[in-house]
Amino acid sequence: MVLRGGTVVDETGSRRADVVVADGVVAAVGQQLETPRGATVLDAGACVVGPGLVDLHAHLREPGDEEAETVETGARAAALGGYTAVVAMPNTDPPIDSAGVVREILELGAGACCEVRPAGAITRGRAGTALAPLAEMAALGVRLFTDDGAGVQDSRLMRRALEYASSLGVTLAQHCEDAGLAAGGHMHEGEWSSRLGLPGVPSEAEELMVARDIALSRLTGAPVHFLHLSTAGSVALVRAAKADGLRVSAEAAPHHFCLTAAAVASYDPVFKVNPPLRSDADVAAVRSGLADGTIDAIATDHAPHPPEAKEAPFDQAPPGMLGLETALPLALGELGLPVGEVLALLSWRPAGIAGLAGSHGGPVRAGAPANLCVVDPSATWVVDPDRLASRSRNTPYAGRTLTGRARHTVLRGEPVVIDAEAQR
Ligand code: DOR
């Protein structure tokens, strides 16, 4: 296969080059390369050819909630979004808290459009009381552990988990939310919650746990990854922790740099998410955190819910919104960053955090695994929930015109998306 006429962008820089792929790897990168006999040629004119995107945070709902999403449909949505690898969150039913469920996800992902790497739960049943068998999951290649959907409330247990994770060489990822302070809230606590009469979640519910886990990282020396940072205070805490040389990393979701609590004025549960949509000042802080490297990665927090769940009144609907098919154009269109920096946030930096740097996100050069995406930065398209590959429809961007799209996605040398159409 030849990706013809594009501009290769990776962590080493940018150059006009064709890319030849054979036997699952990049065979050659250079100008006007000859087309090997019988090769498929994919046009990459006016496009960026980069390493595939890596999502640190996707809810694929399998096992247990297959009417919302499956590994197969979620991976297809991911590939259409330009992703070649996604980390599947463990808040499934049963949760991914044992080797058996890890194996099940790996088997389900084997023929999927995108590499699917399960995250394991930190605690058994994500109940926050006893450690899950991290070692047996790590032995199957699990590199990230989280109770996402909930934070680990017990500081002593979190300390033990960090010490254990550190000895195994794996990373804990925290959903930062003080459950007591957040209890009963359905949106960000502030001007809009007062106006709308909906109980709020204060920013401090997130920031207390960010601050605690920075302290625990300092105490244990273990790395901590902060999931979906959403407040200005959290960004400031992580910035200071990094300046202190602590081993912290962080991600932000597109909805936390594109949308604010004002959207909740519609009372449409499609705008309900956890952590909630925040204020203009928080959005500005997340954007500046992404621009200055305080926040290492953009992660989708793709959280499918079936229509009947999202048709409930705001206070009864589950939190979460789709993200895999819209993250790339939102990042390209909203952050005002050069394409190389956007790809850093979506590809090589998250690949490093996920422990996938050997197979995803690396420089596009001869011998590298051919996990690639071809981005057309000027393609415009309208988000139509009925045309998304996800099994659910809960996108907050319905009807919005986006600029930028994954045109082709190549997984292990095979084109899984051609001209924005899935091939599997
Ligand atoms: O909005 C959210 N949805 N936040 C979470 O932490 C969990 C997720 C889900 O699983 O639906």
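The rules behind these values
- Residues numbered from 1 in each chain as written.
- Predicted model: local features only at pLDDT ≥ 70, side-chain atom pairs only at ≥ 80, totals over all residues.
- Heavy atoms only, no water.
- Helix = DSSP H or I, 4+ residues; strand = E, 2+ residues; numbered from the N terminus.
- Buried < 20%, exposed > 50% of the residue type's maximum accessible area, 1.4 Å probe, protein only.
- Contact = heavy atoms within 4.5 Å.
- Areas by Shrake-Rupley, 256 points an atom, 1.4 Å probe, with all protein chains shown as cover.
- Lys, Arg positive; Asp, Glu negative; His and termini not counted.
- Charge placed at Lys NZ, Arg CZ, Asp CG, Glu CD.
- Core = buried A, V, L, I, M, F, W, Y, C linked by side-chain atoms within 4.5 Å.
- Near = heavy atom within 4 Å.
- Polar contact = N/O pair within 3.5 Å; in protein donor to acceptor, adjacent residues only side chain to side chain.
- 1 Å grid on protein atoms, 1.4 Å probe; cavity = no way out; pocket = protein on both sides within 12 Å on 5 of 7 lines; lining within 4 Å.
- Sits in = over half its atoms within 2 Å of the grid points.
- Nonpolar A, V, L, I, M, F, W, Y, C, P; charged D, E, K, R; others polar.

Draft legend 1. Quick peek at the overall build of the protein. When you go through the protein residue by residue, the secondary structure sums to 13 helices and 19 strands. Counting across all 424 residues of the protein, residues that qualify as buried make up 58%. For the protein, the proportion of contacts with a sequence separation of at least 24, taken over those separated by at least 6, is 74%. Element-wise, carbon and sulfur atoms account for 49% of the exposed surface of the protein, whose accessible area totals about 15,100 Å². Measuring between centres, the 34 positive side-chain charges of the protein sit 5 Å from its 51 negative side-chain charges.

Draft legend 2. Structural context of the nonpolar core. Core analysis: the biggest nonpolar cluster contains 96 residues, and Tyr83, Val86, Phe145, Leu172, Phe226 and Leu290 have the highest contact counts within it. Those residues within four positions of Phe145 in sequence are excluded, and the remaining contacts are Gly120, Ala121, Ile122, Leu134, Met137, Ala138, Val170, Thr171, Leu172 and Ala173.

Draft legend 3. Focus on the site of the ligand. Not every one of the 14 residues close to the ligand is listed here, only the nearest: Arg61, Asn91, Asn274, His305 and Pro319. Measuring from an oxygen atom of the ligand, one finds a side-chain N or O atom of Arg61 at 2.7 Å. Separating an oxygen atom of the ligand from a side-chain N or O atom of His305 is a distance of 3.0 Å. About the coverage of the ligand: the protein hides 94% of its 290 Å² of free accessible area. More than half of the atoms of the ligand fall within 2 Å of the grid points belonging to the second largest pocket. A per-class count over the shell around the ligand returns three nonpolar, eight polar and three charged.

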